[in-house]
Amino acid sequence: MSRTKGRYQQNLRADAARVLFQILEQGMSARECLPNAQQDHNEKDKAWLQEMTYGVLRQLPLLQHWLRLLLDKPLKKNVKIVEHLIMLGFYQLAFSRVSTHAAVSECVNACAPLNAVATKGLVNAVLRNFIRQEMANELPDNEQILSGQPKWLYKKLLTAYPEKHTPILEAMQVKAPIWLRVNQNQKSTDEYCRLLDENDIIYERQDEQPQGLILSKGCDITTLPGYDEGWFAVQDGAAQLAANLLNSQPNERILDCCAAPGGKTCHILELEPKIASCVAMDIDPSRLQRIEENLTRLGHQASLICGDASEPKAWWDGEQFDRILLDAPCSATGIIRRHPDIKWLRKSSDIDTLVALQAKIIDAIWPLLKPGGTMLYATCSILPAENQLQISAFLERTADAALDPEFNNDAIDKPGRQILPGEKHMDGFYYARLLKS
């Protein structure tokens, strides 16, 4: 589809405003709406759209603060989207290398495809006032606004980590690196490193993840050596710990519960190809399809089951498992730096609902574990209610459950291991290894 340069740039800003509106006003996830906005653009502008929308989501409290100072009154519903366009303009002026002229003129031009031509003068005036008053240099004396987090999450982190909340908040605002996990069934980590060296791709290695590599800069993953052949998968370093901690052995029967998108399932199969069977289950058929796609690309096989983890009687065959990975549904607060839309889609009230669901699932799945078996409870959350407090409550009410004494890095009243965002370049994750007597 041919477009003039002006028309193309105009639509680029309009598309970014639409994505922000869909996330912030309609509750859609970036995974749902961003690809639709990107489909008519080239690779460079697809990346720009993601960078700008994610940037606005990261700095939203500050952008809203500026908006309140410069906008006399909130815009009405039919032009509400223009508020998101203005905040996009603020973000470009304050945080990007987009020229001042382009940031203003292209945001003004974007009013037309947003069916808001009448607001052109308003957009122009607000953005020029922002520049004239040098507001990008005037930051409020408010840690919550500067943290980029919603009030409810800021308060929870302040309570949970009174001594460490500042570095945690800072880490949550930093763009996450790309981690690879080398598929040991195809290439050793050393062999794959040599391929990256030959292609002048810079990376780091970490001792705790022997199959893991951190790319030093972003790239199109599909252009890396061996993508189609399944030589590697994209998986954060914290998530890579799961299969190692589960420590499957030959001839064992393994359950990966709430398994989508299947990265941990594939890693389990790579670390121990001689397990008797691996069952991957998830409640969502479309997410189950993603597990199938990942298994196929990486050359693995597993039994897939669509079912509700809190109601195993509907899908379990009655044969107990030697090891179970329970990657419980959670707030995903540990991966906000990677998916900044999460913090605006979640509400404080969601946490109690999730905690209740997690408790229901762990109680329902525990009988599926053999006596002497191991369950690894995991979340990508950094909230104690979903992690240490959840496991402490489970241990209190479950007579045949105990913490693995070899894996309990925290104090006895804080069982398991809590990884915080940015720790050794990892996402925020929690693990507790439980033994059945």
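For the structure, see preceding data.
None of these values were measured; they are calculated from a predicted model.

A. Summary view of the environment of P371. On the secondary structure map, P371 appears in strand β9 (residues 369–379). On the accessibility criterion, P371 (58% relative accessible area) is exposed. P371 has contacts with Q320, K436 and S437, leaving out every residue within four places of it along the chain.

B. Summary view of unusual backbone geometry. Across the junction of A260 and P261, the peptide omega takes the value 5°, indicating a cis bond. Structurally, P261 is set in the loop between β5 (253–257) and α13 (263–271). A positive phi angle, near 60°, is found at N247, a position not held by glycine. Tracing the backbone shows N247 in the loop between α12 (237–246) and β5. A positive phi angle, close to 60°, is found at A332, a residue other than glycine. Looking at the element boundaries, A332 is found in the loop between β8 (321–327) and α15 (342–345).

C. Layout of the sheet that holds strand β3 (residues 212–215). The strand order across the open sheet built from 4 strands is β2-β3-β1-β4, with neighbouring strands paired in antiparallel fashion. Each edge of the sheet is formed by a strand with only one pairing partner; in this case those strands are β2 (203–205) and β4 (232–234). Within this sheet the neighbouring strands show an average axis-to-axis angle of 30°, counted without direction. Pairing of β2 with β3, which is carried by 3 bridges, proceeds in the antiparallel orientation. Across the sheet, R205 pairs through a bridge with L213, a residue of β3.

D. Structural view of helix α6 (residues 100–109). Within α6, 7 of the 10 residues are buried, leaving the element largely enclosed by the surrounding structure. For α6, the complete set of buried residues consists of A102, A103, V104, S105, E106, C107 and V108.

E. Up close: the side chain of R337. The residue R337 is located in the loop between β8 and α15 in this model. Residue classification places R337 among the buried positions, given a relative accessible area of 5%. Among the polar contacts listed, one links the side chain of R337 to the backbone oxygen of M426, at a separation of 3.0 Å. Residue contacts for R337: discarding those within four places in its chain leaves R58, A171, M172, V174, K175, A176, P177, D236, G422, H425, M426 and D427.

F. Region of interest: the side chain of Q173. Mapped onto the fold, Q173 is located in the loop between α10 (165–172) and β1 (178–182). At a separation of 2.9 Å, a polar atom in the side chain of Q173 contacts the main-chain carbonyl oxygen of R58. Those residues within four positions of Q173 in sequence are excluded, and the remaining contacts are R58, Q59, S147, G148, Q149 and K343.

G. Summary view of the nonpolar core. V82, L85, I86, F90, V123 and L127 are the most contacted members of the largest nonpolar core, which has 52 residues in total. Only α1 (5–24), α2 (30–38), α3 (43–58), α4 (60–70), α5 (81–95), α6 and α7 (120–132) provide two or more residues apiece to this core. Per element, the largest residue contribution to this core is 9 residues, and it comes from α5. If you look at the next biggest cluster of nonpolar residues, it comprises 49 residues, including L153, I214, I275 and I342.

H. Representation of the packing of α4 against α5 within the structure. It is the contact of α4 with α5, at a shortest axis distance of 10 Å, that shows an interaxial angle of 110°. Compared by their axis directions, α4 and α5 come out roughly perpendicular. The chirality of how α4 crosses α5 is right-handed. Contact with α4, carried on its side by L60, L62, L63, Q64, W66, L67 and L70, involves E83, I86, M87, F90, Y91, A94 and F95 of α5 and no other residues of that element. In the contact of α4 with α5, the residues fall into 12 nonpolar, 1 polar and 1 charged.

I. Local environment of the pattern of salt bridges. Applying the stated rule across the entire model yields 22 salt bridges. Among the salt bridges present, the one from R205 reaches D190, with a minimum N-O distance of 2.8 Å. Residue R205 is located in strand β2, and its partner D190 is located in helix α11 (residues 189–198); the two are separated by 15 residues in the primary sequence. According to the relative accessible area criterion, R205 is partly exposed, its value standing at 42%.

J. Just helix α17 (residues 388–397), in detail. By the burial criterion, the buried members of α17 are Q388, Q390, I391, S392 and F394. The inward-facing, buried residues of α17 contact α16 (348–365), β9, β10 (401–403), β11 (417–419) and β12 (429–436).

Rules of the game
Residues numbered from 1 in each chain as written. Predicted model: local features only at pLDDT ≥ 70, side-chain atom pairs only at ≥ 80, totals over all residues. Heavy atoms only, no water. Helix = DSSP H or I, 4+ residues; strand = E, 2+ residues; numbered from the N terminus. Buried < 20%, exposed > 50% of the residue type's maximum accessible area, 1.4 Å probe, protein only. Contact = heavy atoms within 4.5 Å. Pairing = 2+ DSSP bridges. Axes fitted to C-alpha atoms, helices over the stretch in contact; angles between N-to-C directions. Polar contact = N/O pair within 3.5 Å; in protein donor to acceptor, adjacent residues only side chain to side chain. Core = buried A, V, L, I, M, F, W, Y, C linked by side-chain atoms within 4.5 Å. Parallel < 35°, antiparallel > 145°, perpendicular 65-115°, else oblique. Left-handed = near helix turned anticlockwise from the far one by under 90°. Nonpolar A, V, L, I, M, F, W, Y, C, P; charged D, E, K, R; others polar. Salt bridge = Lys/Arg side-chain N within 4 Å of Asp/Glu carboxyl O.

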